[in-house]
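Spelled out, the chains give:
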Amino acid sequence: MAATRAGPSVREIFTTLEYGPAPESHACALAWLETHDRRLGHYVNGKWLKPENRNSVLCQDPVTGETLASCILAEAEDVAAAVEAARTALESWSGLPGAARAQHLSRLAKMIQKHQRLLWTLDSLFTGRAVREIRDGDVLLAQQLLQYHAVQAHAQEEALGGWEPMGVIGLILPPTFSFLEMMWRICPALAVGCTVVALVPPASPAPLLLAQLAGEIDTFPGILNVITGSASLAPALAAWPGVQKVAFCGAIEEGRALRRTLAGQGPELGLALGAESLLLLTASADVDSAVEGVVDAVWSDRSPGGLRLLVQESAWDETMRRLQVRMGRLRSSRGLDGAVDMGVRGAAACDLAQHYVQEAQSQGAQVFQAASVPSDSPSFPPTLITGLPPSSPCGHAEVPWPLVVASPFRTTKEVLAVANGTPRGCSASVWSERLGQALELGYGLHMGTVWINAHGLRDPAVPRGGCKESGSSWHGGLDGLYEYLQPSGTPARLPFLCENLNYDTFGLAVTSSLPAGPEVGPSPAPPYGLFIGGRFQAPGARSSRPIQDSSGNLHGYVAEGGAKDIRGAVEAAHQAAPGWRNQSPGARAALLWALAAALGRRRPVLVSRLERHGVELTAAKAEVDLSVRRLQAWGARAQTQGQTLQVAGLKGPILRLREPWGVLAIVCPDEWPLLAFTSLLAPALAHGNSVVLVPSGTCPLLALEVCQDMATLLPAGLVNVVTGDRDHLTRCLALHQDIQALWYFGSAQGSQFVEWASAGNLKPVWVNRGCPRAWDEEAEGEGPELGLRAARTKALWLPMGD
């Protein structure tokens, strides 16, 4: 009796040219798990930590549901042990010469190369991602990251003079992350001399393996510590003494909640949120290449998020037809099969995608899926959603994996308005055969990374990050190094939490603005108005507040600004922003120099006002002269601004652009009323921002004197100065949803409120935590830190060739 044929014949294979299965053996991963008795703990201080009496969770194969191991959930005691190990290692690690750290990173790269099969198999087995993508992409890039940052560590003393490592870094990763996301962050941190405590989800053993490989080098065991647990441990990690920064990547709402929770805790918070990307396809694009770009963006297991696709109307029908044909050829199965395009992410990802699809259908969208999947299957098919009304909730919500939401557009102006109207700004690609059109779109998009006729390219030397609600932290290139550096001599970040601070009432009531006693001496000059839209105007409340000199005598009156005035100032700043943003660096420099010259002409008046506020004559003259030099210095820096041209490992240039935030709000300190005002205003203008500024509360008249010159020199609305109660104006600025960044220099309570309130639109903030700043010193009043915080980076890729 003839045997039953189990598979297709050779003739059928050559006829259909279908891929057959190519399973990757996971025996090495199972063997590694057996060495730990299938019970994974934490890796702290170069050894495994498996404390008793801890809860644990089962780690299951996302396809079969088979239990692979159990992972211990960390508690506060485990966090404390990891932080103490990192603090102990910090002193010796940060004190090493850069060349010694470089050697250590190079050895770790060789360890990963030696155990690369175990790494890619283990990651694919637990996460369900396609092993081909991990093997050919993530593992190779992880080694390149270590080698690149080894070179940067070797040159640190020369290239990064005046900077020092922050200290212990807390890293919090979400369940949807890949181990490569951890590598993007730990490599620059270790290179500059920081130590790391990583809090990872329990079903992710790849980070534990990486920590074990780092520990086996047996030189500095505590520089990388990995504990497994939920993100709810983030406050315990941030509050532990010695932690100077917390880097979080995950969902937008989780980042918003963490921003509020950590307000006033002390550590700086770096956010990288969301995973949705954007693809713009113009009528001149190579449609077949663009369709492959869609596959790379969402259906190749390179990204944990979905895609928003914008297609020009004239190319819509052909693009949809070719995209649906390509979707029918995608292969989705178990990630350990080397012939699949898209792996299986597990039940949670499928439930999220299914919920979005159902909501989109209920809102009038059409859904196309090339293949049907049984209801009990752990996989979800590639899905294309069209016809979603622009005003529908799903049209504004983040698109989850593996969904593509497609919409048509007509003109370049329209698509820029649609793309920039979304609150997220992580990455995008532009597809066009017309270079001028591609560059216009690439420059106009408010995104952290933009690729031209490609999608998802990565290089260790090129910065990656986002803007708006996607966060403002960076990794890769020099920008990634600065994330873990601080100016030399910066004091340790200590908690400034005010337990009795009521967020609901802070700054809500304006203090009395009536003078304490009868006016003495001659009648003061009429009160200054608010400087909004290029002119002085009366406040909305039609009230003013007295300003007293150092002797307690009445010096004058200033307007009492409020919420209505802040709204008007922000509107004026937005109207001026596009024109100033498009000004050439030379034009900005010329205006700053002109403002410096005008300030010099007002020197006698400014010196006299400073004397009335108790500043000695010599010190008053020095403050005015230094303020003039600050404007001139930033004018010179603006003149030399441009784009840095980088060439990565592939053909084609990469532009590193420094773009303004947009509307930047600044709350000035009371001390150094003129010098702090100019030291904060100058870098903001030099980098192309429009400004809403609250001057010194004790001596605002100096800033208003300067405004008289700005009214004739600067474009209307570029600089807006609002006087009044500091806490009330700070509340209005921090809660405003159309301000892109906020600098606050005031009390500890105000700093805490700003951090808490900024979670609304996740605007980047810079607060002084109630600590004074030496504005007369070059490092603090004119140093590179101000320039770094005055703009954001965008990487524009221009690849060439096949």
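Residues numbered from 1 in each chain as written. Predicted model: local features only at pLDDT ≥ 70, side-chain atom pairs only at ≥ 80, totals over all residues. Heavy atoms only, no water.

Engineer: Now, about the overall build of the protein: what can you tell me, with residues and values included?
Structural biologist: Along the protein, the regular secondary structure elements total 27 helices and 35 strands. Its C-alpha radius of gyration of 29 Å places the protein within 12% of the 28 Å reference for a compact globule of 802 residues. Reported as C-alpha extents along the three principal axes, the dimensions of the protein are approximately 120 × 60 × 45 Å. The burial tally for the protein puts 57% of its 802 residues in the buried class. Restricting the contact set of the protein to residue pairs at least 6 apart, pairs at least 24 apart contribute 76%. Seen as two clouds, the 65 positive and the 75 negative side-chain charges of the protein have centres 3 Å apart. (Helix = DSSP H or I, 4+ residues; strand = E, 2+ residues; numbered from the N terminus. Rg over C-alpha atoms; globule rule 2.2 N^0.38 Å. Buried < 20%, exposed > 50% of the residue type's maximum accessible area, 1.4 Å probe, protein only. Contact = heavy atoms within 4.5 Å. Lys, Arg positive; Asp, Glu negative; His and termini not counted. Charge placed at Lys NZ, Arg CZ, Asp CG, Glu CD.)

Engineer: Can you explain the packing of helix 5 (residues 116-127) against helix 6 (residues 131-154)? Please cite residues and give values.
Structural biologist: With their axes 9 Å apart at the nearest point, helix 5 and helix 6 run at an angle of 130° to one another. If you check the angle between helix 5 and helix 6, you find them oblique. Here helix 5 and helix 6 pass one another in a crossing that is right-handed. Of the residues in helix 6, those in contact with Gln116, Leu119, Trp120, Asp123 and Ser124 of helix 5 are Val131, Ile134, Arg135, Val139 and Gln143. Residues that form the contact of helix 5 with helix 6 fall into these classes: five nonpolar, three polar and two charged. (Axes fitted to C-alpha atoms, helices over the stretch in contact; angles between N-to-C directions. Parallel < 35°, antiparallel > 145°, perpendicular 65-115°, else oblique. Left-handed = near helix turned anticlockwise from the far one by under 90°. Nonpolar A, V, L, I, M, F, W, Y, C, P; charged D, E, K, R; others polar.)

Engineer: Provide a residue-level description of the sheet that holds strand 5 (residues 67-72), including the pertinent values.
Structural biologist: Strand order in the open sheet made by the three strands is 1-5-4, with mixed pairing throughout. Each of the sheet's edge strands pairs with one partner strand only, and the pair in question is strand 1 (39-40) and strand 4 (56-60). As paired elements, strand 4 and strand 5 share five bridges and run antiparallel to each other. Bridge pairing in strand 5 places Cys59 opposite Ala69. (Pairing = 2+ DSSP bridges.)

Engineer: Any chance you could break down helix 12 (residues 287-298) for me, citing the residues and the numbers?
Structural biologist: Here helix 12 contains twelve residues, and its C-alpha end-to-end distance of 17 Å stays within 8% of the 16 Å for a straight helix at 1.5 Å per residue. Summarising the contacts, the buried residues of helix 12 are in contact with strand 12 (277-281), strand 13 (307-312), helix 13 (316-328), strand 16 (403-409) and strand 18 (427-431). The residue sitting at the N-terminus of helix 12 and contributing the capping side-chain oxygen is Asp286; that oxygen lies 3.3 Å from the backbone nitrogen of Asp288. (Expected span 1.5 Å × (residues − 1). Polar contact = N/O pair within 3.5 Å; in protein donor to acceptor, adjacent residues only side chain to side chain.)

Engineer: Tell me about the nonpolar core, and name the residues and values.
Structural biologist: Phe179 and Met183 are the most contacted members of the largest nonpolar core, which has 74 residues in total. Looking at this core element by element, the count peaks at eleven residues for helix 8 (residues 179-192). Setting aside residues no more than four positions away along its own chain, Met183 makes contact with Ile112, Ala142, Leu145, Leu146, Pro188 and Leu210. One finds Phe531, Cys668, Ala682 and Leu693 within the second-largest nonpolar core, a separate group that totals 57 residues. (Core = buried A, V, L, I, M, F, W, Y, C linked by side-chain atoms within 4.5 Å.)

Engineer: For the packing of aromatic side chains, give the residues involved together with the corresponding values.
Structural biologist: Within this structure, the stated rule accounts for twelve aromatic pairs. Seen from their ring centres, Tyr503 and Phe753 are 6.4 Å apart, and the 40° between their planes marks the pair as tilted. Taken together, the residues span a long stretch of sequence, with Tyr503 in the loop between strand 23 (485-487) and strand 24 (530-532) and Phe753 in helix 25 (residues 748-757) at a distance of 250 residues. The two residues Tyr503 and Phe753 agree in class, both being buried. Consider the rings of Phe745 and Trp766, whose centres lie 5.1 Å apart with planes at 80°: the pair is edge-to-face. (Phe/Tyr/Trp six-rings, centres within 6.5 Å; stacked < 30°, edge-to-face > 60°.)

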